[in-house]
Amino acid sequence: MTASTQTRRALAYTTSLAAAGLVATALAGPAAAEKWDLPMAYPASNYHTENGGTFAACVTKGTDGAIEIVTHPNGSLFGGADIKRAVQTGQVPIGERLLSAHANENPLFGVDSIPFLATSFDDSVKLWDAAEPAIAEALDEQNLVLLYTVPWPPQGMYFNKEVNSVADMEGLKFRAYNAATAKLAELTGMLPVQIEAAEVPQAFATGVAQSMVSSGATGYDSKLWENVSNFYEVDAWLPRNAVFVNKDSWAALDDATRKVFTDCAATAESEGLQKAKDYTTFTLEGLAENGMKVEKPSDQLKADLAKVGETMTAEWLKAAGDKGKAIVDAYKAN
Ligand code: PCA
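Basis of the calculations
Residues numbered from 1 in each chain as written. Predicted model: local features only at pLDDT ≥ 70, side-chain atom pairs only at ≥ 80, totals over all residues. Heavy atoms only, no water. Helix = DSSP H or I, 4+ residues; strand = E, 2+ residues; numbered from the N terminus. Buried < 20%, exposed > 50% of the residue type's maximum accessible area, 1.4 Å probe, protein only. Contact = heavy atoms within 4.5 Å. Areas by Shrake-Rupley, 256 points an atom, 1.4 Å probe, with all protein chains shown as cover. Lys, Arg positive; Asp, Glu negative; His and termini not counted. Charge placed at Lys NZ, Arg CZ, Asp CG, Glu CD. Pairing = 2+ DSSP bridges. Axes fitted to C-alpha atoms, helices over the stretch in contact; angles between N-to-C directions. Near = heavy atom within 4 Å. Polar contact = N/O pair within 3.5 Å; in protein donor to acceptor, adjacent residues only side chain to side chain. Nonpolar A, V, L, I, M, F, W, Y, C, P; charged D, E, K, R; others polar. Right-handed = clockwise from strand over helix to strand, strands pointing away. Disulfide = S-S within 2.5 Å. Phe/Tyr/Trp six-rings, centres within 6.5 Å; stacked < 30°, edge-to-face > 60°.

Before going further, it helps to spend a moment on the overall build of the protein. If you tally the helices and strands in the protein, you get eleven helices and eleven strands. Looking at the protein as a whole, 49% of its 334 residues qualify as buried. The long-range share in the protein, meaning contacts at least 24 apart out of those at least 6 apart in sequence, stands at 77%. Here the protein has roughly 15,000 Å² of accessible surface; of this, 53% comes from carbon and sulfur atoms. Where the 27 positive side-chain charges of the protein centre and where its 42 negative ones centre are 3 Å apart.

So this is what it looks like as structure tokens:
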């Protein structure tokens, strides 16, 4: 039997069911389920992804299955670099992405990657409180509705040798994940190459990268101990992942459904923050247990990086203009 014969038979069958009133009955049951694919860039075992899964289940349950959100971890549906555009253009209705990876579109998206501005979870929350309205507005201008954000743990530095100063970094191949990390590499004499988290294990295994700035979380997720030996807790900043919805998809939802989304998002934001804190300790211990040296930076390294931070802060303030300055001032005033 050919495919088209099969289709014709199926149609004939459906028509006869409809005639019998059976299809109508089936459709009048629970509201027609809509499947919303949610692409994510990080591994399934990472807390952002798990938290997103809980959020997805919350919406699916809260809407009685009318909207079923299905998460796709580790860049499996869209690579990290493509997720935001996929949501903007409506290829998918919802997605999760590292905000600062888009600082090239709008410097405000990089507010959470200014070195040494907000270096603890508490300060990260304070900075986010100051920044959120402007960022939500910037996303809105790009056809996106911001739902929630969750920070990554404080960013430290990974090396395949002991490093006690910026001079020790000279010439290393450095894995970058946004404009700030690439800039940091440049200012420290390293050679940046942009690599998504999903590709990090391979990049280090093949020698494409020898160092990076990231959290203990991503080093742990990537089993980085197989290729690097040292992690320095420099606490440079805490970047955030954001979950956002395509504005047209959002506009099509009724008020009750939107409330389910925003309630689930509020829970995801607070539970995600706690998960981030828990995962910080768990993964730093995990790196050490697997043989890495996990330690505070030397005074020299700290002083060298502070200088780099000053340069980067000045550059960000210049790029982000009045809106950027207003956020930093509001943050500092609190
Ligand atoms: N992990 C992500 C972003 C920040 C982090 O801690 C990464 O390395 O890509």
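This part is about the sheet that holds strand 8 (residues 211–214). One open sheet holds the six strands; their spatial order is 7-6-8-5-9-11, and the pairing between them is mixed. Among the strands making up the open sheet, the edge pair consists of strand 7 (191–194) and strand 11 (293–295). Pairwise comparison of adjacent strand axes, ignoring direction, gives a mean angle of 20° for this sheet. Set on the sheet, helix 10 (residues 255–289) makes contact with strand 5 (156–159), strand 9 (230–232) and strand 11; between it and strand 11 the angle comes to about 140°.

Residues in close proximity to the ligand include Y42, L98, W152, Q155, R175, Y177, A197, S214, S215, T218 and P239, which together make up its full environment. In this structure, Q155 approaches the ligand through a side-chain N or O atom, which is 3.0 Å from an oxygen atom. Between an oxygen atom of the ligand and a side-chain N or O atom of R175, the distance comes to 2.7 Å. Here the ligand has 260 Å² of accessible area as a free molecule, and 99% of this is covered by the chains. Along the lines of polarity and charge, the residues of the shell around the ligand split into six nonpolar, four polar and one charged.

So, about the pairing of strand 2 (residues 67–72). As paired elements, strand 1 (residues 34–39) and strand 2 share six bridges and run parallel to each other. Within strand 2, the residue paired with P39 across the bridge is H72. With respect to chirality, the unit in which strand 1 leads through helix 3 (residues 47–62) into the neighbouring parallel strand 2 is right-handed.

Moving on: the state of the cysteines. Under the defined criterion, the tally for this structure stands at one disulfide. Between the sulfur atoms of C58 and its disulfide mate C264 the distance is 2.0 Å. Where C58 bonds to C264 through sulfur, the torsion about that S-S bond is close to -80°, and the disulfide is left-handed. Pair noted here: C58 is in helix 3 and C264 is in helix 10, with a separation of 206 residues, a long-range link. Overall, the relative accessible area of 31% leaves C58 in the partly exposed class.

Another aspect to go through is the side chain of T218. Here T218 is to be found in helix 8 (residues 216–221). The buried category is assigned to T218, whose relative accessible area is 6%. T218 has contacts with W152 and M212, leaving out every residue within four places of it along the chain.

The next thing to look at is the packing of aromatic side chains. Remark: the centre distance and the inter-plane angle together describe each pair of aromatic rings, the angle taken between the planes. Scanning all chains against the criterion turns up 13 aromatic pairs. Where Y158 meets F231, the ring centres are 4.5 Å apart and the plane angle is 50°; that geometry is what we call tilted. With Y158 in strand 5 and F231 in strand 9, this pair connects stretches of sequence that are 73 residues apart. We note that Y158, like F231, is buried. Taken together, Y42, Y47, W152, Y220, W225, Y279 and F282 form an aromatic cluster joined through their ring pairs.

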